[in-house]
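# Structural features, examined
The chain contents come next:
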Amino acid sequence: MTTPPYPEDLEQPAYPQDLEESAYPQDLEQPGLVRTGRSTFVRPIRPEDADRLVAFVGGLSRATLAYRSLGPVIRARDDVIRRGAYVDYLNELALVALAGDEIAGLVRYVRDTEDPEHAEVTFTIRDDDQSEGFGRLLLEHIAAAARARGIRVLKADVLADNNRMINVFLGSGYRVESGPPGQIVHFDIAVDPQAQAVARAERREHTAVRRSLRPLLEPRSVAVIGANRSPLTIGHELVANLLRGGFRGSVFPVNPRAEQVAGARAYPSVRELPEPPDLALIAVRAEAVPEVVRECAAAGVKAVVVVSTGFGETGAAGRTTELELSRFARASGMRLVGPNCMGVVNTTPAARLAATFSPALPTPGRVAMSTQSGPLGLAVLDLARRLRLGFSGFVSVGHAVDVSTNDLLQWWEEDPETSVILLHVETFGNPRRFARIARRVAPRKPIIAVHPGHAGHAGHAQTTGQVDSGVRGGPDRRGNPAGHADPSGPSDSTGPSDSAVSSLFAQSGVIRTRSLQELFDAALLLAHQPPPPGNRVAVITNAGGPAALTVGACAASGLSVPPLGERTREKLRAALGPGAEAANPADLTPMATAAHYRQALDAVLADDGIDAAIVLFMPPLADKPDEVAAAILDAAEAAPAKPVVASFLGGAGVADLLHRGELVVPTYAFPESAAASLGHAAAYQAWRSTPAGVVPDLPGVDTDRARSLLAGCAPGPVSPRLAAELLDSYGIAVRDTEPGSGPRSLPSSGLGSGPGSGLDAFLSVGADPVFGPVVAFGLTGDYADLMADVAHRVTPLSDRDAREMVRSLRAAPLLDGRVGGPGVDLAALEETVLRISAMVEDLPEIEAMELRPIRLLPPGDGVAITRATIRLADETRKGGLS
């Protein structure tokens, strides 16, 4: 492109002794996927890459060199090429995409000394990899790195017939301006992430993730390395389950001391297999795993599952080893599950893969699950089998150093065999990515997560709006970031309240449960019945006591048990006799027959004021349960838009009597469980039916100024003046008092006037390990401290999110004027919330922030912010791509 690879007539990069080098940017080391789904590892170039760089340039064809040098083919000397491995990571930055131990692609920018917001960018891709999508991947990475270093525009020159590179720029979604047509086309690429660029990057990533997971979840052949001849060992059961599960491809046990394992021919090593397997299951000692992974890469394996233990759970050394495994696997074009996991299962007809050592294998079904705990996974599969809840897929991600729940969500998003997704949630490598993927998937397929909450939820002091950054110096109990009182002090690390965690999941469309039983109860309903159109429930019973419990459980689950319509009552009286009590709950009495159940269910499901039905059929009053079950199924089949659930004979799961072909009415041991599951489904449907709102384009935002203010800032708390200037860049004025300086006021977009009468509030931002940046809002004083009256939302916030957040406080009547006066300027408050959300989305360097106090002024007078604190994250804590 713009220049040849280090020709002799160019100004030569300095060697280390001549270079003022910035710290190596560890945060730019990230796994990546190209368009074809192939794995790679992108990182900044290092001096020790000099030999790789020489080999890379030496292997380029004349055609590639001609495109790279805009015409003339210039061969550079060895020492000139080596100098390209030395950059300062600020004014000159080069990123390499690795294929194994070799460079597959290189992108480099050099800042313009006369216009520091512009930089010249060049791309070079190895000939064999030029159709893989490395150019687009490297453009996304270099654009993000340049943006963080205060560069607004990348400039590139391309030969007019270099169609591949031209298409990379034009299809990137970034704002691109090109010069007049000619032999050389000039491009100016604005690196601010336009909505179109973000959408295209997400689509590219989604396609690449799915392609990269195909060898893992739909392999054509599987090797088991560490296969064992002894039954009931992990190495033996992996092979046995693959064979028992009906895997359609080849199974290759690898054991140098065995001729057969579980009836399948064994091989001495992965190098001696008759074909490169798509997937390798590794069950060897921890110290042998790195060498086995290297052998797999050399043999052309596309995915590995490391079930071995002895890594991150053993301490820092083990964590380092597993991260090195992940980097090597990605650079070698492999995906890696684990370590410390129990394998993967895919029951779909295209796979029939049981690559696990679990003694209980799931039956085929519509539910997929990701879990981070191996032992929990064993319990999950056992419980699913007892409940007869069928699975389409199950993945135990273990330590999730590469393949994560975020990746699996994108696989199951388009899997036609999956209709419900279950998650065991602890943490995510990239929580921002989880929130975005979940919001995209959840409207189409329900996501149910078991998450008991952060440690320390018990007790008032830990339920007052805190958002824990998970690091030293995190927010305090009222959502205060470190720096408000003691910037260098330790965090109490207690996390958001239990209600806050639920609200954050709900905002993302994820159904949050607190136990495995509750998780499976909800899954049973959503896998077999539609979510209810509303929250109005009819209860049909043959016993009054359980019905009363059910009504109470419905109220606790956000459901109502309303009176029936007059026409429905008439139908019930006609069916049950003139003396029957036609009410809700409808007590059919112990003498109820199957016909009574059918007539009662038909009547309530036809009622426009009823959205769902709970049917109770209790022993020892039961008579002819098979006939009653048939009546329930007939009624459910006749009203397919409204869910029907049951508590039938004390059973749980998918009962034979309530299962007819594709039609299943799930049954629960206790009616409270049925009500709770129906409550989850109703809340999910309400979320799905509610307009999402829009993330507005806010006037008066100067992102470039904010980034330039942050350029070169060290991690930790920033000065009050810098905090105020950063906020001013987003149209938020701060009236602050610095020691010895007296009051000062910064210019703003007009939000906020001088302090006056009104309520005081706070806004804080912290990094949650599951959700990423979380905004907390509440009134100061007893409202937050004693009543825990704090609202939480995940960024980015839409206009609807901001409006609901502000109005969700129990103290909201004070804000809107229903109690105590004229109220406050809600429009200005909501705009401030949106500007804070935009700020933390644009500036991921911000780890924590607090505005306290915010004086809420009467309508039309805005808000007045008198103090702001901001803390910047260490580069190594910004999160990865998992």
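Residues numbered from 1 in each chain as written. Predicted model: local features only at pLDDT ≥ 70, side-chain atom pairs only at ≥ 80, totals over all residues. Heavy atoms only, no water.

Bringing the pairing of strand S23 (residues 537-541) into the picture now. By the criterion of burial, S23 is predominantly enclosed, with five of the five residues buried. Residues Val 537, Val 539 and Thr 541 of S23 are buried on one face, and the alternating residues Ala 538 and Ile 540, pointing to the opposite face, are buried as well. Two strands pair when backbone bridges link them, and S23 and strand S24 (residues 586-587) are joined in this way by two bridges, in the parallel orientation. Counted as the bridge partner of Ile 540 is Ala 586 from S24. (Buried < 20%, exposed > 50% of the residue type's maximum accessible area, 1.4 Å probe, protein only. Helix = DSSP H or I, 4+ residues; strand = E, 2+ residues; numbered from the N terminus. Pairing = 2+ DSSP bridges.)

We now examine the environment of Asn 584. With respect to the helices, strands and loops of the structure, Asn 584 is situated in the loop between helix H16 (566-576) and S24. Of the residues examined, Asn 584 reaches a relative accessible area of 14% and is grouped as buried. Asn 584 sits 43 residues away from Thr 541 along the chain, and the two C-alpha atoms are 9.9 Å apart. A polar contact of 3.0 Å, which involves the side chain of Asn 584, links it to the backbone nitrogen of Val 539. From its side chain, Asn 584 meets the backbone oxygen of Pro 562 in a polar contact 2.8 Å long. (Polar contact = N/O pair within 3.5 Å; in protein donor to acceptor, adjacent residues only side chain to side chain.)

Next up on the list: unusual backbone geometry. Cis peptide bonds are those with omega within 30 degrees of zero, and the linkage from Thr 795 to Pro 796 qualifies with 0°. Note that the residue after Arg 852, namely Pro 853, is joined by a cis bond; omega there is 0°. One non-glycine residue, Ala 262, adopts positive backbone phi at about 55°. Assignment of secondary structure puts Ala 262 in the loop between strand S11 (260-261) and strand S12 (264-265). In the Ramachandran plot, Thr 589 falls in the positive-phi region, its phi being about 75° despite a non-glycine side chain.

Within the structure shown, the criterion is met by 52 salt bridges. Glu 322 is the salt-bridge partner of Arg 319, the closest N and O atoms lying 2.5 Å from each other. Placement of both Arg 319 and Glu 322 in helix H9 (residues 316-331) is noted, with a separation of three residues, approximately one turn of the helix. With a relative accessible area of 36%, Arg 319 lands in the partly exposed category. (Salt bridge = Lys/Arg side-chain N within 4 Å of Asp/Glu carboxyl O.)

Here seven strands make up an open sheet; going across it, the order is S17-S16-S19-S18-S20-S21-S22 and the pairing mixed. On the outer flanks of this sheet lie strand S17 (353-356) and strand S22 (510-513), each paired with one strand and no other. Strand-to-strand, the axes of this sheet are offset by a mean angle of 20°, without reference to chain direction. Packed onto the sheet, helix H10 (residues 374-387) meets strand S18 (364-371), strand S19 (391-396) and strand S20 (420-424) and runs at close to 165° relative to S19. Sitting on the sheet, helix H11 (residues 405-413) is in contact with S18, S19, S20 and strand S21 (447-450), with an inclination near 160° to S18. (Axes fitted to C-alpha atoms, helices over the stretch in contact; angles between N-to-C directions. Contact = heavy atoms within 4.5 Å.)

Right, let's get into the nonpolar core. Leu 216, Phe 391, Leu 422 and Phe 520 are the most contacted members of the largest nonpolar core, which totals 104 residues. With eight residues, the single largest contributor to this core is helix H14 (residues 516-528). Counting residues in hydrophobic clusters, the runner-up holds 54 residues, among them Tyr 89, Ala 119, Ile 142 and Val 191. (Core = buried A, V, L, I, M, F, W, Y, C linked by side-chain atoms within 4.5 Å.)

Compared with an ideal rise of 1.5 Å per residue, which puts 16 residues at 22 Å, H9 spans 23 Å between its outermost C-alpha atoms and is within 8% of the ideal. All of the buried residues along H9 are Gly 318, Glu 322, Leu 325, Ser 326, Ala 329, Arg 330 and Ala 331. Contacts from the buried residues of H9 go to strand S1 (30-33), strand S2 (39-44), strand S3 (92-99), helix H8 (289-299) and strand S15 (335-337). Positive backbone phi, approximately 80°, marks Gly 333, located one or two places after H9. (Expected span 1.5 Å × (residues − 1).)

Here the focus is the side chain of Ser 837. Tracing the backbone shows Ser 837 in helix H25 (residues 826-842). Given the relative accessible area of 2%, Ser 837 is considered buried. Of the polar contacts made by the side chain of Ser 837, one reaches the backbone nitrogen of Leu 797; its length is 2.9 Å. Ignoring anything within four residues of it in the chain, the contact list for Ser 837 reads Thr 795, Pro 796 and Leu 797.

Attention shifts here to the environment of Glu 132. Along the chain, Glu 132 turns up in the loop between strand S5 (118-125) and helix H4 (134-148). You can call Glu 132 buried: its relative accessible area is 16%. Between the C-alpha atom of Glu 132 and that of Val 34, which follows or precedes it by 98 residues, the distance is 6.1 Å. Ignoring any residue separated from it by four or fewer positions in sequence, one finds Glu 132 in contact with Val 34, Arg 35, Thr 36 and Arg 38. Here the side chain of Glu 132 touches Thr 36 through a polar contact of 2.8 Å, side chain to side chain.

Checked against the element boundaries, Thr 568 lands in helix H16. Residues Thr 568 and Asp 602, spaced 34 residues apart in sequence, show a C-alpha to C-alpha distance of 9.3 Å. Apart from the residues within four sequence positions on either side, Thr 568 is in contact with Ala 603, Val 604 and Asp 607.

Here the focus is the sheet that holds S24. Spatially, the four strands line up as an open sheet ordered S24-S23-S25-S26, and their pairing is parallel. Each edge of the open sheet is held by one strand with a lone partner, namely S24 and strand S26 (644-648). Two elements, strand S25 (residues 612-617) and S26, share five bridges in a ladder whose sense is parallel. Across the sheet, Ala 613 pairs through a bridge with Val 644, a residue of S26. Across the sheet, helix H18 (residues 625-638) lies against S25 and S26, angled at about 165° from S26, the strand it touches most.

For the pair H4 and helix H5 (residues 163-170), the least separation of the axes is 9 Å and the interaxial angle reads 40°. Looking at the two axes, H4 sits oblique to H5. Like other packed secondary-structure pairs, H4 and H5 cross with a definite hand, here right-handed. In contact with Gly 135, Arg 136 and Leu 139 of H4, H5 contributes Asn 167, Val 168 and Phe 169. For the contact of H4 with H5, the residue count by class is three nonpolar, two polar and one charged. (Parallel < 35°, antiparallel > 145°, perpendicular 65-115°, else oblique. Left-handed = near helix turned anticlockwise from the far one by under 90°. Nonpolar A, V, L, I, M, F, W, Y, C, P; charged D, E, K, R; others polar.)

Relative to the elements of secondary structure, Thr 667 occurs in the loop between strand S28 (663-664) and helix H19 (671-689). Separated by 3.4 Å, the side chain of Thr 667 and the backbone oxygen of Ala 646 make a polar contact. Here Thr 667 is in contact with Ala 646, Ser 647, Phe 648, Gly 651, Ala 652, Gly 653, Ala 655 and Leu 658, once residues within four sequence places are set aside.

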